[in-house]
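Reading the structure
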Amino acid sequence: ETGVTQSPTHLIKTRGQQVTLRCSSQSGHNTVSWYQQALGQGPQFIFQYYREEENGRGNFPPRFSGLQFPNYSSELNVNALELDDSALYLCASSRTGNTEAFFGQGTRLTVV
Amino acid sequence: AQTVTQSQPEMSVQEAETVTLSCTYDTSESNYYLFWYKQPPSRQMILVIRQEAYKQQNATENRFSVNFQKAAKSFSLKISDSQLGDTAMYFCAFMKLHTGTASKLTFGTGTRLQVTL
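What counts and how
Residues numbered from 1 in each chain as written. Chains lettered and ligands numbered in written order. Predicted model: local features only at pLDDT ≥ 70, side-chain atom pairs only at ≥ 80, totals over all residues. Heavy atoms only, no water. Pairing = 2+ DSSP bridges. Helix = DSSP H or I, 4+ residues; strand = E, 2+ residues; numbered from the N terminus. Axes fitted to C-alpha atoms, helices over the stretch in contact; angles between N-to-C directions. Contact = heavy atoms within 4.5 Å. Buried area = accessible area lost by both parts, 1.4 Å probe. Salt bridge = Lys/Arg side-chain N within 4 Å of Asp/Glu carboxyl O. Polar contact = N/O pair within 3.5 Å; in protein donor to acceptor, adjacent residues only side chain to side chain. Phe/Tyr/Trp six-rings, centres within 6.5 Å; stacked < 30°, edge-to-face > 60°. Buried < 20%, exposed > 50% of the residue type's maximum accessible area, 1.4 Å probe, protein only.

It is worth spelling out the sheet that holds strand β3 (residues 19–24) of chain A at this point. Residues and elements named next belong to chain A. Reading across the sheet, the four strands line up as β1-β3-β8-β7 and stay open at both edges, with antiparallel pairing between neighbours. Every interior strand has two partners, whereas the edge strands, β1 (5–7) and β7 (64–68), have only one. On average, each strand axis in the sheet is tilted by 20° relative to the strand beside it, whichever way the strands run. Sheet analysis places β1 next to β3, joined by three bridges and oriented antiparallel. In the sheet register, S7 faces β3, and the bridge partner there is R22.

Following this line, the structure appears as structure tokens:
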């Protein structure tokens, strides 16, 4: 059973650019959630995907968008990057009806 | 909306000793789960322990146990026989129960635990 994997591990982008982060969910998991963790803070919920549709969203602007694919992997896209978008982005997968979420090691995004 | 508060930004404990990390939360829900996650320098969040709100019995997992006080909305984590590998950030988290699909986690700001020799 493979765990949750995220790519890339580190990324540096310029303000105004667009970025795509990727997440492969754990085998057998059909739900993927994305979190933003700013330095020294706890993770904040961005959104969740289930059966390829957005299923709940946190307090993030529309320039944060996502996709889920038939194999349950997922992408997080951020347009018009701002300096405050610099953070660790965590992906978590889970199975319907199961409360345990399994996290990847995150993507560290730096916006300069 | 739910909030989770961890009032101890940093704590230190000697190896083999016991330490307790505090967490309080606020919610109007009656059906929910509470979690403690560990985040070592590798950055990956690892589930330490989980408590169902409808269960009065406190959860235990080997050296880790919780003190769940539902009326007081308090959920502390006790680590016994602390080990150097316990050094990490610890996050308390809340999950409201939804039927059908998994739900989101609301995290506190974390407590940095340092285990020393």
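That covers the picture; the talk isn't over yet.
All right, on to the interface of chain A and chain B then. Residue-level contacts link 28 residues of chain A with 22 residues of chain B. Roughly 1900 Å² of surface becomes buried between chain A and chain B when both sides are summed, with 52% attributable to carbon and sulfur atoms. Among the residues chain A hides against chain B, the three largest losses belong to A:T99, A:F103 and A:Q105. Together they make up 32% of the total. The interface formed by chain A and chain B contains zero salt bridges.

In this structure, B:Q39 sits in strand β5 (residues 32–39). At 2.8 Å, the side chain of B:Q39 forms a polar contact with the backbone oxygen of B:R43. When near neighbours in sequence (up to four residues on either side) are disregarded, B:Q39 contacts A:Q37, A:L88, A:L90, B:Q44, B:M45, B:A88, B:M89 and B:F91.

This next bit is on the side chain of B:Q8. You can see B:Q8 is positioned in the loop between β1 (3–5) and β2 (10–14). If near-sequence neighbours (up to four positions away) are discounted, B:Q8 is found in contact with B:T20, B:L21, B:S22, B:G110 and B:T111.

Evaluation of the coordinates by the stated rule reveals 16 aromatic pairs over all chains. Measuring from centroid to centroid gives 5.1 Å for A:F60 and A:F64, while their planes differ by 65°, and the two rings are edge-to-face. Like A:F64, A:F60 is buried. Ring geometry for A:F103 and B:Y37: centres 5.4 Å apart, planes at 80°, overall edge-to-face. Note that A:F103 is positioned in strand β10 (residues 102–103) and B:Y37 in strand β5, a pairing that runs across two chains. Residue class for A:F103 comes out buried when judged on its relative accessible area of 3%. Its relative accessible area of 0% is what places B:Y37 among the buried residues. Ring pairing ties together the aromatic residues A:Y35, A:F45, A:F103, B:Y33, B:F35, B:Y37, B:F91 and B:F107, which thus form one cluster.

Coordinates in, geometry out; function isn't part of it.
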